[in-house]
Amino acid sequence: MKDKAQKNIKMHSVQFNFIMNAILTVSSFIFPLITFPYISRTLLVDGIGKVNFATSVISYFTMFASLGIPTYGIRACARVRDDREKLTKTAQELIIINLITSAITYAVFFILLFTVDRFYQDKTLLTVTSVSIILNTLGVTWLYSALEQYSYITVRNIACKLVSVILMFIFVHNTSDYVIYGVIAVLASGGSNLLNFINLKKYISLRPVGHYDFKQHLQPIFIFFATSIAISIYTNLDTVMLGFMTNDTQVGLYSASVKVKTVLLAVVSSLGNVLLPRLSVYIHDNDYSKFREALSRVLNFLLLITIPLTLFFTLYVKDSIILLSGEAFLDASLSMRLLMPTVFFCALSGMTGNQMLVPLGREKAVMLSVSIGAVFDFVLNFFVIPKMGAAGAALSTLLTEFLVLVVQTFFLKDHLGKVIRGVKALPILLSAAVSTGAGIVIQHYMGVSNSFLRLVIGAVSFFGIYFVLLLILKEKFLTESLTLALEKLKSLLSSRKQQPKD
């Protein structure tokens, strides 16, 4: 029987959680766009460089302090979230492990701070930004994700970002204010974690329960940690190798070509992130039919969204680059065209990895797949980067992401077939093909030179044709979602009408 206290935890629908997580993801890109023009003109290149260097260094220390807890914690806590006592014990075990690793990380950090000259030069700024390590530990965001409290996570995160923007305009006025900006940056990224810790007693007991079993968590935590390191290696490897093997121009071109892919993938991945706790519960309850049914809907959604996004931005590569980076970066067009299919491959590998292999307890398979990808990417870069530059790095990334997906698919042959059978892809493929053909014709005869207008007109026509065709073909996922949205709207309007007037 469920613990009474746990019954009071409000669980929203997957659609609501996805919207909340998508808003949170988009905000992480919007706020830097709002603040960067002011900060870059105030702190200038040197000040911005100091802060970015400090935050980059601390991000690595944070990764080591966290180990694999951010991902493992979601799965472990989701499986016991209906039992307050078990949830409290599991959460406390992970928090204690995280506190120990944070203490070790801080010890190493302060040793390096006073022994490495480059660190010692910015010791004040690095010390200030290192506060994010303990804030990340106290924030236990993984627990809130396991309990599917995405509305709370989103609201408090955006609130802290808004406060930080206001503080930035109040206190940052000169090039010498870079340390103050470092403090505000910590508040923006981790200040809300203090609220998380204060709010923690609502979900678990803070009184030590004793009889802890730390050993059961260590192996999966280190597997997730190794996986995150492997992913970090092969996602950042291309830029590093370009820098060593070519020149700054090729690095700049590659960075410009990655921008659109990063934003699109972050938004699409929001659904996968919110589904992990619920899928983990299905596996814990041995409810494989619901597990596969949910995954069929995930796959349907990913096909519905990623296929047209990939095709549209492949068509409008030059306009996208001009809008985001300027005409000086037009040579990045080939790199971006090669990278766009990775939105599709990464979205699918996110499903096969985080939404299938992880809930099934096969995290070793995920680690193996990304490790193979890291080695493959490293070797391939040696051959293609000297000949193709940024385009070679993009080609290497494309083939690597495809390889990772293939390896993960191999480990899921016992489940994937049943998941795929629950998806009707024909309406999506037909609609995408027709809208792409129409998009090519419209792009050719548009007669508009402004890149922003071309993108707007292209997007309205491309996605307008796409979604109209989906409705005509009665694509199941879209029609069900629209029906649900209309029913909720009618319910909301009727409830307002029934409210007594003053």
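Fair warning: this is a prediction, and the values are worked out from it, not measured in the lab. (Residues numbered from 1 in each chain as written. Predicted model: local features only at pLDDT ≥ 70, side-chain atom pairs only at ≥ 80, totals over all residues. Heavy atoms only, no water.)

**A few points about the overall build of the protein**
What counts, and what does not: Where helices and strands are cited, they refer to DSSP runs of H or I of at least four residues and of E of at least two residues respectively, numbered from the N terminus. Burial status follows relative accessibility: with a 1.4 Å probe on protein chains alone, a residue under 20% of its type maximum counts as buried, one over 50% as exposed, and anything between as partly exposed. Here, two residues are considered to be in contact whenever any of their heavy atoms come within 4.5 Å of each other. For the accessible areas, the method is Shrake-Rupley and the probe is 1.4 Å, while residue cover comes only from the protein chains on display.
Across its full length, the protein carries 23 helices and zero strands. Burial analysis of the protein (502 residues in total) assigns 49% to the buried set. A separation threshold of at least 6 residues defines the contact pool for the protein, and within that pool the share at least 24 residues apart is 84%. Carbon and sulfur atoms make up 68% of the accessible area of the protein, which amounts to about 24,600 Å² in all.

**Observations concerning the pattern of salt bridges**
Let me state the cut-off plainly: Salt bridges are counted wherever a side-chain nitrogen of Lys or Arg sits within 4 Å of a carboxyl oxygen of Asp or Glu.
All chains considered together, the criterion is met by five salt bridges. A salt bridge links arginine 75 to glutamate 363, with the nearest nitrogen and oxygen atoms 2.6 Å apart. In this pair, arginine 75 sits in helix α3 (residues 69-78) while glutamate 363 sits in helix α18 (residues 363-388), placing the two residues 288 residues apart along the sequence. Salt-bridge contacts for arginine 454 lead to aspartate 319; the nearest nitrogen and oxygen are separated by 3.1 Å.

**Some details on the side chain of threonine 129**
We apply this condition: We call two N or O atoms a polar contact when they sit within 3.5 Å, provided that within protein one can donate a hydrogen and the other can accept it, with sequence-adjacent residues counted only if both atoms are side-chain atoms.
With respect to the helices and strands, the residue threonine 129 is situated in helix α6 (residues 123-129). A polar side-chain atom of threonine 129 sits 2.9 Å from the main-chain carbonyl oxygen of leucine 125. With residues near it in sequence (within four places) discarded, threonine 129 still touches Ala54, Thr55, Ile58, Gly182 and Val186.

**Considering α18**
The condition that has to hold: An expected span of 1.5 Å times one less than the residue number is assigned to each helix. To obtain the bend at a residue, axes are fitted to the seven residues ending there and to the seven starting there, and the angle between these axes is taken.
For α18, with 26 residues, the first-to-last C-alpha span of 35 Å sits near the 38 Å given by 1.5 Å per residue. Asparagine 381 marks where α18 bends most, by close to 40°. Taken residue by residue, α18 has Glu363, Ala365, Val366, Ser369, Val370, Gly373, Ala374, Asp377, Leu380, Asn381, Val384 and Ile385 as its buried positions.

**As for the nonpolar core**
Test applied: Nonpolar cores are built from buried Ala, Val, Leu, Ile, Met, Phe, Trp, Tyr and Cys residues. Side-chain atoms within 4.5 Å join them into one set.
Formed by 98 residues in total, the largest nonpolar core has its most connected members in Trp142, Leu143, Tyr254, Leu302, Phe313 and Met351. Broken down by element, this core gets its largest block of residues, 14 residues, from helix α14 (residues 288-315). Counting residues in hydrophobic clusters, the runner-up holds 20 residues, among them Ile48, Val51, Phe109 and Tyr181.

**Considering the packing of helix α17 (residues 341-357) against helix α19 (residues 390-410)**
To be explicit about the condition: To get an axis, fit a line to the C-alpha atoms, keeping to the stretch in contact for a helix; angles then go from 0 to 180 degrees between the N-to-C directions. When describing relative orientation, an angle under 35 degrees is termed roughly parallel and one over 145 degrees roughly antiparallel, while 65 to 115 degrees is termed roughly perpendicular and anything else oblique. Crossing chirality is assigned from the near helix's rotation relative to the far helix, an anticlockwise turn below a right angle marking it left-handed and a clockwise turn marking it right-handed.
One way to put it is that α17 packs onto α19 with a least axis distance of 9 Å and a crossing angle of 30°. Between α17 and α19, the angle falls in the class roughly parallel. For α17 against α19, the interelement crossing comes out left-handed. Within the contact between the two elements, α17 uses Pro341, Thr342, Phe345, Cys346, Leu348, Ser349, Thr352, Gly353 and Leu357 and α19 uses Thr397, Leu398, Glu401, Phe402, Val404, Leu405 and Gln408.

**What about the packing of aromatic side chains?**
Convention followed: The aromatic pairing rule takes the rings of Phe, Tyr and Trp, using the six-membered ring of Trp, and pairs them if the centres are within 6.5 Å, calling planes under 30 degrees apart stacked, those over 60 edge-to-face and the rest tilted.
Applying the stated criterion to the full structure yields 20 aromatic pairs. For the pair tyrosine 144 and tyrosine 203, a centre-to-centre distance of 5.6 Å together with 85° between the ring planes defines the contact as edge-to-face. Separated by 59 residues along the polypeptide, tyrosine 144 in helix α8 (residues 141-146) and tyrosine 203 in the loop between α11 (192-198) and α12 (215-245) bring together distant segments of the chain. Each of the two residues, tyrosine 144 as well as tyrosine 203, counts as buried.

**Overview of a nonpolar patch on the surface**
Our working rule: Patch membership needs two things, relative accessible area over 30% and no salt bridge, and members are linked within 9 Å if like-charged or within 5 Å if nonpolar (Val, Leu, Ile, Met, Phe, Trp, Tyr).
A grouping of Leu323, Leu324, Phe452, Leu453, Val456, Ile457 and Val460 is seen on the molecular surface, where their side chains present a nonpolar patch of about 620 Å² in accessible area. Mapped by element, the contributors of at least two residues to the nonpolar patch are α15 (317-324) and α22 (451-472). Among the secondary structure elements, phenylalanine 452 is positioned in helix α22. You can call phenylalanine 452 partly exposed: its relative accessible area is 48%.

**Observations regarding unusual backbone geometry**
Its identity is not glycine, yet histidine 211 carries a phi of approximately 55°, on the positive side. Within the fold, histidine 211 resides in the loop between α11 and α12. A positive phi is found at lysine 474, a non-glycine position, where the angle reads about 55°. If you trace the backbone, lysine 474 turns up in the loop between α22 and α23 (476-498). On the basis of relative accessible area, lysine 474 is assigned to the exposed category, the value being 68%.

**Quick word on the packing of α14 against helix α21 (residues 426-445)**
Selection rule: Polar here means any residue other than Ala, Val, Leu, Ile, Met, Phe, Trp, Tyr, Cys and Pro, which are nonpolar, and Asp, Glu, Lys and Arg, which are charged; Gly is therefore polar.
It is at 10 Å that the axes of α14 and α21 come closest, and there the two elements cross at 15°. By the angle between their axes, α14 is roughly parallel relative to α21. Considering the relative orientation of α14 and α21, their crossing is right-handed. Listed contacts from α21 to Asn300, Leu303, Leu304, Ile307, Leu311 and Leu315 of α14 are Ile428, Leu429, Ala432, Thr436, Gly439, Ile440 and Gln443. Within the contact of α14 with α21, the residues separate by chemical class into nine nonpolar, four polar and no charged.

**Describing the environment of lysine 387**
Within the fold, lysine 387 resides in helix α18. For lysine 387 and threonine 246, which are 141 residues apart along the polypeptide, the C-alpha to C-alpha distance reads 9.7 Å.

**Focus: the confidence of the model for the protein**
Keep in mind that low pLDDT regions are not for reading the predicted coordinates in detail. Going by this rule: Predictor confidence is given residue by residue as pLDDT, running from a minimum of 0 to a maximum of 100.
In this model, the protein carries a mean pLDDT of 83, and residues with pLDDT of at least 70 account for 88%. When mean pLDDT is taken per element in the protein, helix α4 (residues 84-115) scores highest with 94 and helix α1 (residues 4-7) scores lowest with 47. Confidence over residues 1-5 falls short of pLDDT 50; this stretch has seven contacts with residues more than four positions distant or in other chains.

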